Amino acid sequence: MLHANFARSGAIKTPHETRRPVVLLVDDEREIGTALADQLRKRFEIVIATSGAEGLAVMHDREVAVVISDQRMPNMTGSEMLKVAQAENPDIVRILLTGYSDLAAVVQGVNEAKIFFYLTKPWRPAELQRVVESAADHNRLLRENRDLLRELKLANTDLEQRVAERTEELADRNRDLEAANHRIDELARTDALTGIPNRRHFEEMLDLEIVRSLREGAPLALLFLDLDHFKQVNDTFGHEAGDAVLVAAARSLRSRLRPYDMFARWGGEEFVVLLPGASRDIACEVAERLRAGLESLVVPPCERSVTGSFGAAVHLAGELAGDLVRRADEAAYRAKQGGRNRVEADAQQVPA
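Residues numbered from 1 in each chain as written. Predicted model: local features only at pLDDT ≥ 70, side-chain atom pairs only at ≥ 80, totals over all residues. Heavy atoms only, no water.

1. Here's the deal with the sheet that holds strand β9 (residues 308–314)
Part 1 of the argument: Reading across from one edge, β7-β8-β6-β9-β10 is the order of the 5 strands in this open sheet, with mixed pairing throughout. The sheet terminates laterally at β7 (262–267) and β10 (343–345), the two strands that pair on one side only. Direction aside, neighbouring strands of the sheet carry axes that sit 20° apart on average.
Part 2 of the argument: Sheet topology note: the strand β6 (residues 220–227)/strand β8 (residues 270–276) ladder contains 7 bridges and is antiparallel. Following the sheet pairing, L223 is matched in β8 by V273. (Pairing = 2+ DSSP bridges. Helix = DSSP H or I, 4+ residues; strand = E, 2+ residues; numbered from the N terminus. Axes fitted to C-alpha atoms, helices over the stretch in contact; angles between N-to-C directions.)

2. Notes on the pairing of β9
A regular strand places its side chains on the two faces of the sheet in alternate fashion.
Part 1 of the argument: In terms of residue burial, β9 counts as a mostly covered element, since 7 of its 7 residues are buried.
Part 2 of the argument: Of the two faces of β9, the one carrying G308, F310, A312 and V314 and the one carrying S309, G311 and A313 are both buried.
Part 3 of the argument: Here β6 runs beside β9; their pairing, made up of 7 bridges, is antiparallel. When the sheet's bridge partners are listed, L227 is paired in β9 with G308.
Part 4 of the argument: In terms of strand pairing, β9 meets β10 through 3 bridges, oriented parallel. Bridging across to β10, G311 finds its partner in E344.
Part 5 of the argument: With helix α10 (residues 321–337) bridging β9 and the parallel β10, this β-α-β connection has left-handed handedness. (Buried < 20%, exposed > 50% of the residue type's maximum accessible area, 1.4 Å probe, protein only. Right-handed = clockwise from strand over helix to strand, strands pointing away.)

Structure below.
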């Protein structure tokens with residue numbers, strides 16, 4: 001860029017300004033190099049090279065801020081050397097020193113070496129000082145911008161890593177939260193003692209099964225079971241024995257049901273069974289199978305076998321879920337009143 005920005009910045013010094021900028025002087029005539037050095041030494045650290053190759057070697061070894069090169073040198077011209085310098089380290093600010101007759105060299109330097117400024121011989125000391133100071137400031141800004149860009153890239157990389165880690169952490173927490181919510185939902189729908197569905201879950205499924213039954217035109221039966229003499233078990237052997245009876249009874253009942261039958265603990269010693277597609281007769285057959293299974297069950301320290309009174313009811317068109325449960329419960333009550341350990345069908349059922 002061919003220009004001269006001679007204004008000095010009044011900004012606070014940065015780490016790059018804590019030491020004097022290095023100015024490299026490249027001229028095959030030592031007298032010119034010495035003259036330039038004498039003028040610039042007070043403000044800058046001066047390094048002198050007498051050839052293009054020597055100047056490039058210095059730029060490889062030192063952190064050079066500004067290079068001032070004579071154009072006419074043997075083996076390698078100044079514009080040729082500055083072109084190599086620009087390719088290897090574009091932060092070094094390049095100044096070409098030339099005679100009035102070397103306009104073609106200036107054009108080459110601008111086009112190929114992208115020189116910052118050019119000076120003509122003989123130079124004016126005040127202009128030389130201003131140009132070199134401006135070039136040193138330009139170099140400082142280039143390096144600061146490059147350092148800032150590197151720091152920003154590092155910070156961005158660190159931020160991306162932190163975001164990725166945080167995202168993964170949040171994903172892990174979400175998975176844990178979903179698992180915890182799923183577990184809480186299971187606990188809310190499961191009887192803690194027996195491990196089978198509880199009354200809440202059964203009531204939800206009962207509503208859905210009634211809708212499905214009506215849509216498909218298929219019967220839907222419900223069994224209500226009340227274990228016999230359960231209070232005596234608790235009173236005689238304690239609640240731990242009563243809990244053992246409930247667990248064993250639930251296991252026995254579940255083992256004799258189809259996979260798609262709904263089975264739940266209604267509360268206390270009461271259980272309910274939902275039988276999709278079952279008529280009254282089939283419901284009574286299932287209840288009898290469940291009753292026989294319980295009757296063969298003895299849970300120590302109880303010496304008497306476990307028995308239950310069953311009530312069976314089939315859903316009627318237009319009937320609410322609560323009414324179906326009530327009719328099965330009333331049938332179970334009649335079974336208990338009729339001697340226990342038996343099955344009783346709801347009296348309102350039409351023949352299957």
